[in-house]
Number of protein chains: 2
Amino acid sequence: MNTPMITVPQTQRPVRERILEAAEAVFAESGYEGATVTDIAARAGLPKSNLHYYFGTKEALYEAVLFNTLSMWDDAFQVLRAERDPAEALAECIRLKMDLSRKRPNANKVMTGEMLQGAPRLNTFLNTTLRDQVAQSMAVLNHWIELGKMDAVSPMHVLLSIWAMTQQYADYNPPIKALLEKEELEERDYDAATDAIVQLVLRGCGVPQATA
Amino acid sequence: MNTPMITVPQTQRPVRERILEAAEAVFAESGYEGATVTDIAARAGLPKSNLHYYFGTKEALYEAVLFNTLSMWDDAFQVLRAERDPAEALAECIRLKMDLSRKRPNANKVMTGEMLQGAPRLNTFLNTTLRDQVAQSMAVLNHWIELGKMDAVSPMHVLLSIWAMTQQYADYNPPIKALLEKEELEERDYDAATDAIVQLVLRGCGVPQATA
DNA sequence: TCCATACTTGATCAATTGGTCAGGTTCCCG
DNA sequence: CGGGAACCTGACCAATTGATCAAGTATGGA
């Protein structure tokens, strides 16, 4: 009758989701070749055969994780629209991308691992979808530059810089934690980093900051 | 992928070096667990047993690669000295770090892979040597800020940003190549990126640029 | 010349890998 | 009920893994 809809026990979560989540974590830590189906199964609390039932092969599971993640990156840069105020839009873009590093570090790590390997599974994506999306964002920056709202910076390098600085907080967590002398980063650490990056980018691009 | 240069006297180079170089490449591509001693041996043109003779275990070989690389990062940031002109020093720091990404991408990738794993083998280094070195660089930036040569930015975030933006050119080569629509990045691409990063950092920190 | 030391290597091993398969169980719909 | 489809799983397999070891070869000093 009245099902307790409070925090769902792991056992009841859809099996596919549990597998994908476990795979994301294990692939993030060990890379594609280092991760073992046995490890993923153990983390998901399922027998190994079950993973093969749902995803067939280890490679298919890996690609599911990979492409499941791809869209997230794009969302952050979609907020760069020509009609917006550059300062606001850039700040939101940076904040969204940083949120991703904080809330989905494993997804980001998997992507970085794939890049280290030369991104053999992402070649078509990089040369089609990504290129188009970045071209769109670059056009927006160029528009702002023409309107005099921004210095004549190189749009691509600005976008890459935002990408790199935010991505670092997922991939390079160990040294950052060491420098902050903390066991785990807290929300305020990410907020401070976001503010610093926003300031660096806005000033670096000659974008007048919104008055506090 | 790439055919080894046939005519080169690979045979004459010291065996240890050949092994380390091959290990760096294989570990960079496949990560620690994904790399196999057989692969490394094949790349070095030596029987597998020979690697074990020189380095004992796969782990020891990996750590040799790792610690062989650690010092390189530090060198770039050592040029940040209080008595220097901020613009010049920061530009040189960025250029040196970028040179590393261009000339030793494999070394950089191995380090990134280790970071993705949580840097289990670098914990003491991160909490001792690295922390001291970064503290030193931060002190220099603070000195510049006190002298009014720089805006009141957060020194640590500036250093991390330089780290991230330059590191990206080693780790994230695939998407960058895709965006530039090139098979391989050329020196001028790295130069353009260096200039863009220097400009972003100097302006972002309010450091007056030396007139060209 | 002799021999100890350093170096090289093919054969081999126990452990682990991704993947298969047959035989379950559960569920739904008629 | 019945039976088919979806789901689940333990036992098993061929291939590969890091590592060992004995049997070499090369070298250089006495």
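Parameters at a glance
- Residues numbered from 1 in each chain as written.
- Chains lettered and ligands numbered in written order.
- Predicted model: local features only at pLDDT ≥ 70, side-chain atom pairs only at ≥ 80, totals over all residues.
- Heavy atoms only, no water.
- Least-squares fit on C-alpha atoms with pLDDT ≥ 70 in both.
- Contact = heavy atoms within 4.5 Å.
- Buried area = accessible area lost by both parts, 1.4 Å probe.
- Salt bridge = Lys/Arg side-chain N within 4 Å of Asp/Glu carboxyl O.
- Polar contact = N/O pair within 3.5 Å; in protein donor to acceptor, adjacent residues only side chain to side chain.
- Domains from an automatic or database assignment.
- Nonpolar A, V, L, I, M, F, W, Y, C, P; charged D, E, K, R; others polar.
- Axes fitted to C-alpha atoms, helices over the stretch in contact; angles between N-to-C directions.
- Helix = DSSP H or I, 4+ residues; strand = E, 2+ residues; numbered from the N terminus.
- Parallel < 35°, antiparallel > 145°, perpendicular 65-115°, else oblique.
- Near = heavy atom within 4 Å.

Colleague: What is the right way to read the relation of the copies chain A and chain B from this model?
Modeller: Once turned by 180° and shifted 0.0 Å along the axis, chain A lies on chain B with an RMSD of 0.0 Å. Expressed as an axis order, the relation between the two copies is that of a two-fold axis. Take the interface residues of chain A: 100% of them recur as interface residues in chain B, which is what a same-surface contact looks like.

Colleague: Could you clarify how one ought to interpret the interface of chain A and chain B in this entry?
Modeller: Reports of interface size often rely on the accessible area that becomes lost once the parts have come together. In this assembly, 51 residues from chain A lie in contact with 51 residues from chain B. Contact between chain A and chain B buries roughly 4,400 Å² in total, counting both sides, with carbon and sulfur atoms accounting for 67%. A per-residue breakdown of the area chain A buries against chain B is headed by Leu-116, Tyr-172 and Leu-179 of chain A, which together make up 17% of the total. Between the two partners, chain A and chain B, sit two salt bridges. One salt bridge connects Arg-203 of chain B with Asp-151 of chain A, and the closest N-O pair in it is separated by 2.6 Å. The tally of links between chain A and chain B comes to twelve residue pairs in polar contact (both at pLDDT 80 or more).

Colleague: Just checking my understanding: could you explain the domain arrangement of chain A for this structure?
Modeller: All names here are of chain A. By domain assignment, chain A separates into domain 1 (10-56) and domain 2 (67-204). Taken together, the contact between domain 1 and domain 2 spans seven residues of the former and nine residues of the latter. By the criterion of area lost to domain 2, the three top residues of domain 1 are Glu-24, Ala-28 and Tyr-32, representing 71% of everything that side buries. Of the residues belonging to the side of domain 1 that touches domain 2, the class tally is five nonpolar, no polar and two charged.

Colleague: Explain the packing of helix H1 (residues 15-34) of chain B against helix H3 (residues 48-55) of chain B to me, please; I cannot follow it from the model alone.
Modeller: For any two helices packed against each other, the geometry is given by the interaxial angle and the distance between the axes. Residue and element names in this part refer to chain B. As a packed pair, H1 and H3 sit with axes 11 Å apart at the nearest point and diverge in direction by 105°. Considering the angle they form, H1 stands roughly perpendicular to H3. Mapping the contact onto sequence places Val-15, Arg-16, Ile-19 and Leu-20 in H1 and Asn-50, Leu-51, Tyr-54 and Phe-55 in H3. For the contact of H1 with H3, the per-class residue count stands at six nonpolar, one polar and one charged.

Colleague: Is there a simple way to think about the protein's contact with DNA strand D in this case?
Modeller: Looking at DNA strand D, there are 14 residues lining it, with Pro-47, Ser-49 and Tyr-54 of chain A together with Lys-48 and Lys-58 of chain B nearest. At a separation of 2.7 Å, a base nitrogen of DNA strand D approaches a polar side-chain atom of Lys-48 of chain B. Within the side chain of His-52 of chain B, one N or O atom sits 3.3 Å away from a phosphate oxygen of DNA strand D. Contributing elements (two or more residues each) for the surface near DNA strand D: helix H3 (48-55) of chain A together with H3 of chain B. Residue contributions to the surface near DNA strand D peak at four residues, all from H3 of chain A. Looking at the surface near DNA strand D residue by residue, the classes come out as six nonpolar, six polar and two charged.

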